[in-house]
Amino acid sequence: MGVDFSALRTLINRYCAGEENWVDSRTVYIGHKEPPPGADAFIQQRFPDNRVVSSKYTFWNFIPKNMFEQFRRVANFYFLIIFLVQLIIDTPTSPVTSGLPLFFVIIVTAIKQGYEDWLRHKADKAVNQCPVSVIQRGKKIKKESFRITVGDVVFVKEDETFACDLILLSSSRDDGTCFVTTASLDGESSHKTYYAVQDTKAFRTEEEVDSIHATIECEQPQPDLYKFVGRINIYMDNEAVARPLGSENVLLRGATLKNTEFIYAVAIYTGMETKMALNYQSKSQKRSAVEKSMNSYLVVYLCILISKALINTVLKYIWQADPNKDEPWYNERTEAQRQRHILIRAFTDFLAFMVLFNYIIPVSMYVTVEMQKFLGSYFIMWDDDMYDEELGEGAVVNTSDLNEELGQVEYVFTDKTGTLTENNMEFIECCVDGHVYVPDAICNGQVLSGAAAMDMIDTSPGPGGREREELFFRALCLCHTVQVKEEETVDGIKHGIHQGKSASFYISSSPDEVALVEGMKKLGFTYLRLKDGQMEILNREDEIERFELLEVLSFDSVRRRMSVIVRAASGDIFLFCKGADSSILPRVISGKVDEVKARVEHNAVEGLRTLCVAYRPLSPEQHQEVCRLLSGAKLALQDRDKRLSEAYELVEKDLILLGATAVEDRLQEQAADTIESLHKAGMKVWVLTGDKMETAAATCYASRLFRRNTQILELTTKRVEEQNLHDVLFDLSRTVLRHHGSMTRDNCSSLSNDCTDYGLIIDGATLSAVMRPPQEDLNSGSYKEIFLEICRNCSAVLCCRMAPLQKAQIVKMIKASKEHPITLAIGDGANDVSMILEAHVGIGIMGKEGRQAVRNSDYAIPKFKHLKKMLLVHGHYYYIRISELVQYFFYKNVCFIFPQFLYQFFCGFSQQPLYDTAYLTLYNISFTSLPILVYSLMEQHINMDILKKDPSLYKDVAKNSLLRWPTFIYWTVLGVYNAIVMFFGTYFLFDNTTFTSNGQMFGNWTFGTLVFTVLVFTVTFKLVLDTHYWTWINHFVIWGSLVFFVLFSLLWGGIIWPFLNYQRMYYVFMQMLSSGPAWLSIILLITASLLPDVVKKVIWRALWPTITERIQVNAGSFHVLAFLHRFRAMKRFERAPASPCSDSLLDGVALTEA
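Since the model is a prediction, treat every value here as computed from it, not as a measurement.

Draft legend 1. Inspection of the UniProt feature "transmembrane region" (unreviewed entry) in the protein at higher detail. UniProt annotation of "transmembrane region" (unreviewed entry) refers to residues 71-89, 296-319, 350-369, 918-938, 968-990, 1002-1024, 1036-1060 and 1066-1091 when read in the numbering used here. End C-alpha to end C-alpha, residues 350-369 measures 30 Å, and it is 70% helix and 0% strand. For the annotated span residues 968-990, helix accounts for 100% and strand for 0% of the residues, and the straight-line distance between the end C-alpha atoms is 33 Å.

Draft legend 2. Region of the structure containing the packing of helix α22 (residues 725-738) against helix α24 (residues 783-792). Their axes nearest at 9 Å, the elements α22 and α24 cross at an angle of 30°. Considering their axes alone, α22 and α24 lie roughly parallel with respect to each other. As for how α22 packs across α24, the hand of that crossing is left-handed. Side by side, α22 and α24 meet where Leu725, His726, Leu729, Phe730, Leu732, Ser733, Val736 and Leu737 of the first sit next to Tyr783, Ile786, Phe787, Glu789 and Ile790 of the second. Each residue belonging to the contact of α22 with α24 can be placed in one class, and the counts come to 10 nonpolar, 2 polar and 1 charged.

Draft legend 3. Quick peek at the pattern of salt bridges. The tally for this structure, following the rule as stated, stands at 45 salt bridges. Taking the shortest distance from any N to any O, the salt bridge between Lys815 and Glu838 comes out at 3.1 Å. Here Lys815 is found in helix α25 (residues 804-815), whereas its partner Glu838 is found in helix α26 (residues 833-838), with 23 residues between them in sequence. You can call Glu838 buried: its relative accessible area is 11%. One salt bridge in this structure joins Lys1022 and Asp1093, with 2.6 Å as the shortest N-O distance. In this pair, Lys1022 sits in helix α33 (residues 1004-1026) while Asp1093 sits in helix α36 (residues 1076-1103), placing the two residues 71 residues apart along the sequence. For Lys1022, a relative accessible area of 2% gives the class buried. Residue class for Asp1093 comes out buried when judged on its relative accessible area of 2%.

Draft legend 4. Here's a closer look at the packing of aromatic side chains. Using the criterion set out here, one finds 60 aromatic pairs in the structure. When the ring of Phe155 is compared with that of Tyr264, the centres are 5.2 Å apart and the planes differ by 50°; the resulting orientation is tilted. Taken as a pair, Phe155 in strand β4 (residues 153-157) and Tyr264 in strand β13 (residues 262-269) lie far apart in primary sequence, 109 residues in all. Residues Phe155 and Tyr264 agree in their burial class; the two are buried. Where Phe574 meets Tyr615, the ring centres are 6.3 Å apart and the plane angle is 55°; that geometry is what we call tilted. With Phe574 in strand β28 (residues 573-579) and Tyr615 in strand β30 (residues 609-618), this residue pair connects regions lying 41 residues apart in the sequence.

Rules used throughout
Residues numbered from 1 in each chain as written. Predicted model: local features only at pLDDT ≥ 70, side-chain atom pairs only at ≥ 80, totals over all residues. Heavy atoms only, no water. UniProt positions renumbered as here; feature names shortened; annotations may be inferred. Helix = DSSP H or I, 4+ residues; strand = E, 2+ residues; numbered from the N terminus. Axes fitted to C-alpha atoms, helices over the stretch in contact; angles between N-to-C directions. Parallel < 35°, antiparallel > 145°, perpendicular 65-115°, else oblique. Left-handed = near helix turned anticlockwise from the far one by under 90°. Contact = heavy atoms within 4.5 Å. Nonpolar A, V, L, I, M, F, W, Y, C, P; charged D, E, K, R; others polar. Salt bridge = Lys/Arg side-chain N within 4 Å of Asp/Glu carboxyl O. Buried < 20%, exposed > 50% of the residue type's maximum accessible area, 1.4 Å probe, protein only. Phe/Tyr/Trp six-rings, centres within 6.5 Å; stacked < 30°, edge-to-face > 60°.

Okay, structure coming up:
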């Protein structure tokens, strides 16, 4: 019988949250007042306070938790074990050689992570201690934010941010509405309208609000931003009046009050139970693919190390089986050593060999990698191309651990609003009965050049056409939810809607509604205000027209349209409707459908957002029937949304088509070019947005995510309602798989418009159904796998109406797919934080939606266009550099230690070191570390301009291609070959030969020093051969490190050092250099070591060159030709007398070089 641990965990969490008696709903007592006698029993539930915690550590758990996380790294744990072994037993080397680098890395990493968490603590403290106004006993008092509890009545002023999730009780506006921006939640900076409870909206003073006697019953906290179910029971004369509560009554934490002087609201969810906190993804340690490869290589080398130690231990005891070899006369054992058990002696010897060969595991590699990542990150911050003059800021690196991951990205998940777009809508044109109108086409009596071939306002057809035109303009001035704020400035920016009038500006939950109303103002009809139920319009003759607003049929993503019912001053009643063409045209019974439809299709192809406008005159009897239908649906407590939808369907029919509009959502500069480059680089781009489907789809066309020939596949609520989810998924799967391999963008030329590919659109509700675990009683299997298969065969995917946590779920699903691709998420708002934290690499945009995305990201850039250089140039370079660094470190350590292994066969397995202690310690620290560090910071195997112009070069390094096993094995074999050449080359050249002028033989330290000298020069020259980009720094460090080795060896062996007990290297190096054969041996062995690698490179480049290698060859040829042109020109110039032609000749040479 299995135990359901998930259920147990949930129960524990609920108990710890203070809710032992967990129920599906909660009861909130407004103002903490008990219900009157006879009402439901008063049961005060316990809720968490309003404290928000985003930090990872506390003062008490920092050291143990951080140490645990760091020693989870295989390398750190291994070096700790080696250090302890060196402390416990007598080993050939000092514990300092292992302990010092290890503790340096641990301490530096701990300081870095501690500082980052201290910043999070600081930010949490600022938020939690923010003052909030609370109503208690009819008075307004100030409380710190974290002290707010569920049931407190909160007072919020304009431009203040809500400290917790609230139910709106009343506002300063007569109609009980307030306007809110939710930019930090769903990325939409437009104003949204929220409604107070009808029975409490009149309470506008502290005393009146404190007199409210009511309870709220609502669902337990859940992360869906767009869903809320509850009801309020208001007690009047000891009788309860119940009113329904929906998402339109809930003000979410993080949102900001706008265009409303003040509100009163009651707290229902606090602290970590708010919807914003539930959508917050906890920050975890990210590890790059390169680091995982390093750990894999480390395990292989650890196995090699153990094998070496085991072989030497076994051979040592075979060697010592002969008593004469076991205890020679000059090295007899003590009595204690003789009595020690052979297994203990063997184990001690095994550990001693482990320590002797320990240098094959490059401890200094991790120090060098940390330094390379830290110093390399400054190249991003110093990049002038990624500096934005408008913001006055450049790129920011919050973590340097993932630099190389920027060169391995396969999936890019991007937000739309504020990331791809500027969220700045502009009215482009409108079409009335086939006649096109462009705002500002006529200016000061002159027709602008851009207005050619257009029908202008004053050239509209006849009186009948003029009447229809004005009806169209009136429809757009009335059919909206735009509000007017009459203030001189907002955020320092002046707004005005009519010349000569007081400064005002429009606000709305939809920015394209504002664009339409502003467009009508340019065409002569100005919307003034909504006052006392009357909508006022200023027409072309500067006359004010008034219409009584009777009903608003709100927009929703299923209907894709909205309507208003108004009564004109003449008494005529009209229903004006605007919406997507697919939603309006099927309901039209008359009008110039073909002409309008043609214009809509033309604008859609141009990437503009289009809407159709229609109307329907209503008789008084029809209006009465409409009112009856709508009021019945609005009062329903069960299935309210369904009944409203049915009522809207009955009302919005028999429409007369007026025309269409075109609005442009301006993309950020070079956003389309950036997406195009990412596609050419082999990356798949997904747009994840909380915006409406139509808005997002139009942006995708404008940004070239969808092309003209892209066939759009919809997996939306509307389609799932028509068919069941199972059938829709399998239909889409059959569609894309039928054309698999021939219809995807990867197989199409980027310049071809003839190739058809697929784009998928999915909304949040359908995604929830797809992600839901399959039911046991259904044979449907997992929908998730089918969905993934569809996505793999689509060139682009758009996910709309996404909650922040759903964005993270999408990223997590792709990360966990069988290919395990590297993902990148980019966004600008707090709603993007979850996916930024979930992705392998998270990038924040320094936009207008606050800095939460920037603070929680790994990297931050000013604009979306900077992503191109960050990935295609910096990411490419970082991956190339660190790949060489990792492979080179393992290679040079194989070259270093394998001769030590071979030497044991010639010294009776006595654990005698081949190299001097100073050489053992300084080889990785001083002699060979700086050249590879500078290489890993400076190397540019291809010019950065070429990388930007040819994004396909990114594919050359994709999928961790430079750290695959064949490449790793080649470097290891090369290291073993070099070690064999060094050791046996030296051994056979010295065999039975005198090398000094006085006939003296070289000893074992001279032998080891000669091998070490060949080793240092060989591994350094190997790096020289691999370097493509030379600067004075490279020259200084490479040749300087070789000079330092020679000078150190001369000083180390040429001076009697008083702090040494014995000096075995005295005069050894100088004696070796005094021998001519030794010099010859060094040159021959270095050449023999490097020759195979050079030959292999020449053959490979000649027969199987990569795209990168071809470009390198072409670039080299170009530089040679440029040099020859310059040389010949100089010769001609020296021979020729001075003349005007000389300047033109030099100009021609310069042009040729350019």
